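One-letter residues, chain by chain:
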Amino acid sequence: MLFRSTILESSGSTPRGKGKMIVLSDGSTFGTIGGGVVEARVVSEAVKAMEFDRSVILDYSLDYGHGRESLDMVCGGAMKVFVEAFCGKPRLVVVGGGHVGYQIAKMAALVGYRVAVVDHRPDYATAERLPMARELYVDDDMAKALAAAPVDASTCVVVSTSAHASDELAVRYFIGKDLRYLGVLGSRRKVRLMLERLRSEGVPEERLARLRAPIGLDLGAETPEEIAVSVVAEIMAAMTGRDAAPLSGRDGELVVVRGAGDLATGVIVRLKAAGFRVVALEIAQPTAIRRTVSLSDA
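Residues numbered from 1 in each chain as written. Predicted model: local features only at pLDDT ≥ 70, side-chain atom pairs only at ≥ 80, totals over all residues. Heavy atoms only, no water.

*Asks:* I tried to follow the overall build of the protein on my own but got confused; where do I start?
*Replies:* The helix and strand tally for the protein stands at 8 helices and 13 strands. Here the C-alpha radius of gyration of the protein, 25 Å, is well above what a compact globule of 298 residues would show, namely 19 Å. Overall, the C-alpha framework of the protein stretches about 70 × 65 × 35 Å when taken along its three principal axes. By residue count, 38% of the 298 residues in the protein fall in the buried class. Considering only contacts in the protein between residues 6 or more positions apart, those separated by 24 or more positions represent 54%. (Helix = DSSP H or I, 4+ residues; strand = E, 2+ residues; numbered from the N terminus. Rg over C-alpha atoms; globule rule 2.2 N^0.38 Å. Buried < 20%, exposed > 50% of the residue type's maximum accessible area, 1.4 Å probe, protein only. Contact = heavy atoms within 4.5 Å.)

Dropping the structure here:
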C-alpha cells in the first residue's frame, strides 16, 4: 500500500512550492516535498491514514505558532498537502480469534488486508498467537472489546466467535453501523434464528439485508483453513463487485453502450479490442450523421 503526497498550495516562504512524494506503509519515501519538519509530519500522518485507507488534506503553518496546524519552523509560510491513498486493501475486523477466526485473519493478511482481531479471552488473543493482526482489542467483557475497535464505512467485519451468544452480541453491535462488509459464520439454522430475533426486536429489513450470513463461497470447505479460503474469497469478490463464478467459459465482461453513433462506435471498437463483449443500444431511427463510420445502422 502507498500514499501519494502532493503540494496543493503554498504561500509565503516554504521549503518547496511544488512537489510530490510517495510514502510506503513502512514510512519509507520516494521523492520529496521539501524535507525537514513538514515532510516528517506528512509521512507520519500518511502512515496513520493507512490504517483506514483514507485520503486526507493537511494544512500547515510554518510559523512556530501554538495552533494545531503550526509547525516548529521559521519559514513563516503555509502549505496544503493532499495525501492520497493508492493500492490499498480494506481493513478487516475479525471478531473471534479461534481456530477459524485465526485462519481467516491469517489468509486475509496474506492477500494484503489490514487485520484487526476482537476477542474476550486475554490469554488466548495475544500478539504472539496472532502476529498477523495489526490491532488487537481484547477485554473479558466482549461488549467493551467491540466498542474499542474503530470502524467506518470502508471497514469489513467478519463475526466468528466461540459461542452463539457472542456472535449475536457482535451482530447486534455492528448491524446498525455503515460498513463495507458485514458477515457472520455459522449454520443456516443459527443464522435463521438470529435473524428472527433481530426482526422481532424491530431491526429494519434494510439493515438485515446488509448482513451476509452464512458467509463463504460454496467450495465444500470443512477445515478451518478451507473455510478461511472460502470466506476471504467471498470478501474479495464483494469488494471488487465480482460474482465469483469460474473464469472458464467466459468471453470477457459485457459492456452496454447507449448509442451507436460515430463517437460511441470509437468507444465500442476500443472496448472490443481490449477483450470486452459489447452490446449497443440504439433507437429505431438513428440520428447519427456520420453513418459511414458508425454502427448505428447495424
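*Asks:* How do you make sense of the pairing of strand β7 (residues 114–119) when you look at a structure like this?
*Replies:* For a regular strand, the rule is simple: side chains alternate between the two faces of the sheet. Among the 6 residues of β7, 6 are classified as buried, and the element is accordingly described as predominantly covered. Because side chains alternate across β7, one face comprises the buried residues R114, A116 and V118, and the other comprises V115, V117 and D119, equally buried. In this sheet, β7 lies alongside strand β6 (residues 91–95) in parallel orientation, the contact comprising 5 bridges. Across the sheet, V94 pairs through a bridge with V117, a residue of β7. Taken together, β6, helix α2 (residues 99–110) and β7 constitute a β-α-β crossover, and its handedness is right-handed. Bridge count for β7 against strand β8 (residues 135–138) is 4 bridges, and the pairing is parallel. By the bridge assignment, D119 is partnered in β8 with V138. (Pairing = 2+ DSSP bridges. Right-handed = clockwise from strand over helix to strand, strands pointing away.)

*Asks:* I tried to follow unusual backbone geometry on my own but got confused; where do I start?
*Replies:* Trans peptide bonds make up most of the peptide bonds, and negative phi angles are found at most residues other than glycine. Residue A213 is joined to P214 through a cis peptide bond whose omega torsion reads -10 degrees. Relative to the elements of secondary structure, P214 occurs in the loop between β11 (211–212) and α7 (224–240). Phi angles above zero are rare outside glycine, and A244 is one such case at about 65 degrees. Structurally, A244 can be placed in the loop between α7 and β12 (254–258).

*Asks:* I'm lost on the packing of aromatic side chains in this one. Help?
*Replies:* The description of an aromatic ring pair uses the distance of the two centres, along with the angle that the planes make with each other. Scanning the entire structure with this criterion turns up 1 aromatic pair. Pairing Y173 with F174 gives two aromatic rings, centres 5.0 Å apart and planes at 80 degrees, and the pair type is edge-to-face. A relative accessible area of 0% means that F174 is categorised as buried. It is R129 that lies over the ring of Y124; its NZ or CZ is 4.0 Å from the centre. (Phe/Tyr/Trp six-rings, centres within 6.5 Å; stacked < 30°, edge-to-face > 60°. Lys NZ or Arg CZ within 6 Å of the ring centre and 35° of its normal.)

*Asks:* Explain the packing of helix α4 (residues 164–174) against helix α5 (residues 188–200) here, please?
*Replies:* Angle between the axes and distance between the axes are the two parameters that describe a pair of packed helices. With their axes 11 Å apart at the nearest point, α4 and α5 run at an angle of 50 degrees to one another. Here α5 runs oblique to α4, going by the angle between their axes. Relative to α5, the crossing made by α4 is right-handed. The residues of α5 that touch α4, namely those facing H164, D167, E168, V171 and R172, are K190, M194, R197 and L198. Residues belonging to the contact of α4 with α5 are distributed by class as follows: 3 nonpolar, 1 polar and 5 charged. (Axes fitted to C-alpha atoms, helices over the stretch in contact; angles between N-to-C directions. Parallel < 35°, antiparallel > 145°, perpendicular 65-115°, else oblique. Left-handed = near helix turned anticlockwise from the far one by under 90°. Nonpolar A, V, L, I, M, F, W, Y, C, P; charged D, E, K, R; others polar.)

*Asks:* In this structure, what is going on with the sheet that holds β11? I would like to understand it.
*Replies:* What links the strands of a sheet is backbone hydrogen bonding, and the strands pair in either a parallel or an antiparallel sense. What the 6 strands build is an open sheet, ordered β8-β7-β6-β9-β10-β11; its pairing is parallel. If you trace the sheet from one side to the other, it starts and ends with β8 and β11, each paired once. Bridge analysis of strand β10 (residues 181–184) against β11 gives 2 bridges, and the strand direction is parallel. The residue of β11 that forms the bridge with L182 is L211. Those strands touched by α2 are β6, β7 and β9 (156–159), and its axis lies near 170 degrees from that of β6.

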